[in-house]
Amino acid sequence: MDLGSTVGLGRTVGVGRTQVSGAGSEATVAGVVSSRTVGVSTEPVAAAGGETRFGPGVPVGPTAAPAWPQSGVGVGVRSRSVWRRVVSVLSTLLTVVLLVAVGLFLWQRLSPLEIEGVTVAVVEPAGTRCDVTVEVAATVRTNGNAGTIRYQWLRSGSPPGALVSERVGRGQRSVSLPLKWSFTGVGTARETATVNIVEPSVTQAGSEVRYACRRR
């Protein structure tokens, strides 16, 4: 084996002989020198405080973690946005309803009760009965606004009746004003019942009332 050759194993080995004198004998010491190439990074690494370091042993800086989306964040933002829109719509609708209600209230307050027509009729005629009470009714048509009707009945051959007040509710377009007229005795009569409205406007309407009693 040739000791002065190079072994191709990625390492260069040199072997030589050295003669040492002593003890009358020849000793041979083999010196072995080996060299290995080690991969070392030569790129500079920036340290804290502006210092730049080279060579092995320099710690590599921390690697930034990937920015993963947080679960539930987008859903929460969308939920709050939808809720804000719903609240805004409800607030707008409530405002509109309140404005309409106030407008109707003011309009009804500013628009007074008006009478559009009056008719008077005998509800149940006396016929040939004696000593009966005839019921007469006046039907008043209004514009539907709230107010008070003040009226009195006028009967032919009798003094005027007392003034009576009738409260009309909002939306009530028809009001009945009754009159009960009693007849007694034997004979016939043709009278007239007239309703005299003095408020909210002066209006009159009447109807004929007949009474006929023939006893034997």
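The structure this text deals with has already been given above.
Residues numbered from 1 in each chain as written. Predicted model: local features only at pLDDT ≥ 70, side-chain atom pairs only at ≥ 80, totals over all residues. Heavy atoms only, no water.

*Asks:* In this structure, what is going on with the state of the cysteines? I would like to understand it.
*Replies:* Defined simply, a disulfide is a covalent bond joining two cysteines at their sulfur atoms. Enumeration according to the criterion identifies one disulfide in this entry. Bridging Cys-130 to Cys-213, the disulfide has an S-S length of 1.7 Å. When the S-S torsion is 95°, as for the bridge of Cys-130 with Cys-213, the disulfide is right-handed. Of this pair, Cys-130 sits in the loop between strand 5 (115-124) and strand 6 (132-142) while Cys-213 sits in strand 11 (residues 203-213); the two residues are 83 residues apart in sequence, bridging distant segments of the chain. (Disulfide = S-S within 2.5 Å. Helix = DSSP H or I, 4+ residues; strand = E, 2+ residues; numbered from the N terminus.)

*Asks:* Help me understand the sheet that holds strand 9 (residues 174-183), please; the structure alone is not making it clear to me.
*Replies:* Paired through backbone hydrogen bonds, the strands of a sheet run either parallel or antiparallel to each other. Spatial ordering of the open sheet is given by 5-6-9, a layout of three strands whose pairing is antiparallel. Edge positions in the sheet fall to strand 5 and strand 9, since each of these pairs with one other strand and no more. Taking each pair of neighbouring strands and ignoring which way they run, the sheet shows an average axis angle of 20°. (Pairing = 2+ DSSP bridges. Axes fitted to C-alpha atoms, helices over the stretch in contact; angles between N-to-C directions.)

*Asks:* Quick question: what am I supposed to make of the environment of Gln-152 here?
*Replies:* With respect to the helices, strands and loops of the structure, Gln-152 is situated in strand 7 (residues 147-155). Each C-alpha atom, one on Gln-152 and one on Val-198, is 8.2 Å from the other, the two residues being 46 residues apart in sequence. Contacts of Gln-152, omitting those with residues within four sequence positions, involve Pro-160, Gly-161, Ala-162, Leu-163, Thr-194, Val-195 and Asn-196. Engagement of the side chain of Gln-152 in a polar contact is seen with the backbone oxygen of Gly-161, the distance being 2.8 Å. (Contact = heavy atoms within 4.5 Å. Polar contact = N/O pair within 3.5 Å; in protein donor to acceptor, adjacent residues only side chain to side chain.)

*Asks:* Even after reading the chapter, I still don't get the nonpolar core, so can you show me in this structure?
*Replies:* Side chains of a nonpolar character, in soluble globular proteins, are inclined to be buried together. Core analysis: the largest hydrophobic core is formed by 27 residues, its most contacted members being Val-136, Val-140, Ile-149, Trp-153, Leu-177, Val-195 and Ile-197. Mapped onto this core, the elements with two or more residues apiece are strand 5, strand 6, strand 7, strand 9, strand 10 (187-199) and strand 11. Here Val-140 is in contact with Ile-115, Gly-117, Val-118, Ile-149, Arg-173, Ser-174, Val-175, Leu-177 and Ile-197, once residues within four sequence places are set aside. (Core = buried A, V, L, I, M, F, W, Y, C linked by side-chain atoms within 4.5 Å. Buried < 20%, exposed > 50% of the residue type's maximum accessible area, 1.4 Å probe, protein only.)

*Asks:* Quick question: what am I supposed to make of the pattern of salt bridges here?
*Replies:* Between side chains of opposite charge, a pair can form when the charged atoms approach closely. Under the counting rule described, the total for this entry stands at four salt bridges. Residue Arg-129 pairs with Glu-124 through a salt bridge whose shortest N-O separation is 3.8 Å. The class for Arg-129 is partly exposed, based on a relative accessible area of 38%. Across the pair Glu-199 and Arg-150 runs a salt bridge whose closest N-O atoms are separated by 3.9 Å. With a gap of 49 residues between them, Glu-199 in strand 10 and Arg-150 in strand 7 connect regions that are remote in the sequence. Taking the relative accessible area as the measure of exposure, Glu-199 reaches 33% and is therefore partly exposed. (Salt bridge = Lys/Arg side-chain N within 4 Å of Asp/Glu carboxyl O.)

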